[in-house]
Amino acid sequence: MTHQFPSLSPEQKKELSDIAQRIVAPGKGILAADESTGTMGKRLQKINVENNEENRRYFRDLLFSVDPSISKSVGGVIFFHETLYQKSDSGKLFPQVVKEKGIVVGIKVDKGTAGLNGTDGETTTQGLDGLSERCAQYKKDGCDFAKWRCVLKISDGCPSALAIAENANVLARYASICQQNGLVPIVEPEILPDGDHNLQRCQYVTEKVLAAVYKALSDHHVYLEGTLLKPNMVTAGHSCPKKFTPQEVAMATVTALRRTVPSAVPGICFLSGGQSEEEASLNLNAINQVPLLRPWKLTFSYGRALQASALAAWQGKVANKAAAQDAFCTRAKINGLASKGEYKPSGSADQSSMQSLYTASYVY
């Protein structure tokens, strides 16, 4: 017989729910600035900038120190451990800089993927050991939400039942530990866009994965009102010969979510998954125009799709700082509009915003 033992107090629940609602307030989404040192190196390499701590700090300072009006489109920023303890040029710690703009501070807490033996290269995500203590420390250091990324892939035999079950369970365990420590967990079961599968296959797999994730969250007594979901959009594989319109992507995405994500979840913040900046904005806009009931906020949690134009404008040069900041603010505003279904493309999108940001078997 199931018996309910108390897990979170009413005060804890209210705090978690309030944080989640602030992050996805109307017109707001998340800047994912939690690239690991190695991933940040790949971004910097593209503009011929050395991957050292100062360059990583400088670029993130450039993003975090933009005009305070950025808080109209960005409700939360996800930090990487190193960034959380760095300072801006003004001498303030980055979390303080972001908080003073009214933006919520988050932190990536997973420790990367590990192979599942006996599968076709499938993985689970590590980092549960010592997670509670790390969450407690991050809460003290100014964080109010966390992120943990699980990765699944589509191929002839994937995702396997093992990969679906294991990743759903680890996400639920992570979410439960976060909530005990006052952090809102972002639950991220990313289905990679690698492959030649069509839209229907991605929709089917997305539904199966999300159904398993929400069953696990229920089994682990996770308080859904104090969580956010970070899923992939339902798109065809990158090698699929057929191209689908933003409206087709939107309908498949919203249909999959309506079938699997309880309406108690306050917000769904899509990952960009290697889409170009413009594509990610157009798809998000179309998602918010689908003529179906959408009981959650549908917004963004973009890394590459918010930073690509800014990086291209910066080129590692101090003289380009203002231009890079303008590029970032422009993109953030566009996505803020798209999260309300109000983005009207002007047709003047520049080259860097149209460029595919796809990386095969993307490791964050």
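Note that the coordinates shown come from a computational prediction; the quantities given were computed from them, not determined experimentally.

### Considering the overall build of the chain
- Across its full length, the chain holds 13 helices and 10 strands.
- In terms of overall size, the chain behaves like a compact globule, its C-alpha atoms giving a radius of gyration of 19 Å where 364 residues would be expected to give roughly 21 Å.
- With respect to the principal axes defined by its C-alpha atoms, the chain has extents near 65 × 50 × 40 Å.
- In the chain, which comprises 364 residues, the share counted as buried stands at 59%.
- Per element, the accessible surface of the chain, about 15,200 Å² overall, is 52% carbon and sulfur.

### Side note on the confidence of the model for the chain
- Overall, the predicted model of the chain reaches an average pLDDT of 95, with 95% of residues at or above 70.
- The secondary structure element of the chain with the lowest average pLDDT is helix α13 (residues 351–354), at 65, and the one with the highest is strand β8 (residues 228–229), at 99.

### Some remarks on the nonpolar core
- F64, Y174 and W314 are the most contacted members of the largest nonpolar core, which has 111 residues in total.
- Top contributing element to this core by residue count: helix α7 (residues 161–180), with 10 residues.
- When neighbours within four sequence positions are excluded, Y174 is seen to be in contact with V109, L128, L131, A146, K147, W148, P185 and I186.

### Quick look at the state of the cysteines
- According to the stated counting rule, one finds zero disulfides in the structure shown.
- Among the cysteines around C178, which has no disulfide bond, C135 carries the closest sulfur, lying 4.1 Å off.
- The buried category is assigned to C178, whose relative accessible area is 0%.
- Here C240 is not disulfide-linked; the sulfur of C202 is the nearest cysteine sulfur, at 11 Å.

### Comments concerning the pattern of salt bridges
- Taken as a whole, this structure holds 19 salt bridges when the rule is applied.
- R43 is the salt-bridge partner of E35, the closest N and O atoms lying 2.8 Å from each other.
- Residue E35 is classed as buried on the basis of its relative accessible area, which comes to 0%.
- Relative accessible area serves as the criterion here: at 10%, R43 is assigned to the buried category.
- Between E100 and K92 there is a salt bridge, with its nearest N and O atoms 2.9 Å apart.

### As for the packing of aromatic side chains
- The tally for this structure, following the rule as stated, stands at six aromatic pairs.
- Arranged with centres 5.7 Å apart and planes meeting at 15 degrees, the rings of Y58 and W314 form a pair that is stacked. Here Y58, found in helix α3 (residues 53–64), pairs with W314, found in helix α11 (residues 304–314); they are 256 residues apart in sequence, far enough to count as distant.
- Ring pairing ties together the aromatic residues Y58, F59 and W314, which thus form one cluster.

### Notes on α3
- Between its terminal C-alpha atoms α3 stretches 16 Å, which fits the 16 Å expected from 12 residues at 1.5 Å a residue.
- Within α3, 10 of the 12 residues are buried, which leaves it mostly tucked inside the rest of the structure.
- Listed in full, the buried residues belonging to α3 are N55, R56, R57, Y58, F59, R60, D61, L62, L63 and F64.

### What to know about the environment of V290
- With respect to the element layout, V290 can be found in the loop between α10 (277–287) and β10 (297–302).
- Accessibility expressed as a relative area gives 5% for V290, which makes it buried.
- Considered as a pair, V290 and D326 are 36 residues apart in the sequence and their alpha carbons are 30 Å apart.
- Setting aside residues no more than four positions away along its own chain, V290 makes contact with A250, M251 and V254.

### Here we look at helix α6 (residues 131–140)
- For α6, every residue scored as buried is listed here: L131, R134, C135 and Y138. Along α6, the residues classed as buried sweep out an arc of 100 degrees about the axis, all on the same side. More than 90 degrees from the buried face of α6, the exposed residues found are E133 and K140.
- Contacts made by the buried residues of α6 are with α4 (81–84), β3 (104–108), β6 (145–152) and α7.
- Just beyond α6, the residue with positive phi is G142, at close to 105 degrees.

### Side note on the side chain of S339
- Examined against the element boundaries, S339 turns out to sit in the loop between α12 (321–338) and α13.
- Relative accessible area serves as the criterion here: at 10%, S339 is assigned to the buried category.
- When near neighbours in sequence (up to four residues on either side) are disregarded, S339 contacts G27, K28, L284, N288, L298 and T299.

### Some remarks on the packing of α7 against helix α8 (residues 199–219)
- Following both chains from N to C, one finds α7 and α8 inclined at 40 degrees, their axes separated by 8 Å at the closest point. With respect to each other, α7 and α8 are oriented oblique. Note that α7 runs across α8; the crossing there is right-handed. Of α8, the residues touching α7 (which contributes I164, A168, N169, L171, A172 and A175) are K208, V209, A212, V213, A216 and L217.
- Grouping the amino acids of the contact of α7 with α8 by side-chain chemistry returns 10 nonpolar, one polar and one charged.

Reading the values: the criteria
- Residues numbered from 1 in each chain as written.
- Predicted model: local features only at pLDDT ≥ 70, side-chain atom pairs only at ≥ 80, totals over all residues.
- Heavy atoms only, no water.
- Helix = DSSP H or I, 4+ residues; strand = E, 2+ residues; numbered from the N terminus.
- Rg over C-alpha atoms; globule rule 2.2 N^0.38 Å.
- Buried < 20%, exposed > 50% of the residue type's maximum accessible area, 1.4 Å probe, protein only.
- Areas by Shrake-Rupley, 256 points an atom, 1.4 Å probe, with all protein chains shown as cover.
- pLDDT = per-residue confidence, 0-100.
- Core = buried A, V, L, I, M, F, W, Y, C linked by side-chain atoms within 4.5 Å.
- Contact = heavy atoms within 4.5 Å.
- Disulfide = S-S within 2.5 Å.
- Salt bridge = Lys/Arg side-chain N within 4 Å of Asp/Glu carboxyl O.
- Phe/Tyr/Trp six-rings, centres within 6.5 Å; stacked < 30°, edge-to-face > 60°.
- Expected span 1.5 Å × (residues − 1).
- Arc of directions from axis to C-beta.
- Axes fitted to C-alpha atoms, helices over the stretch in contact; angles between N-to-C directions.
- Parallel < 35°, antiparallel > 145°, perpendicular 65-115°, else oblique.
- Left-handed = near helix turned anticlockwise from the far one by under 90°.
- Nonpolar A, V, L, I, M, F, W, Y, C, P; charged D, E, K, R; others polar.

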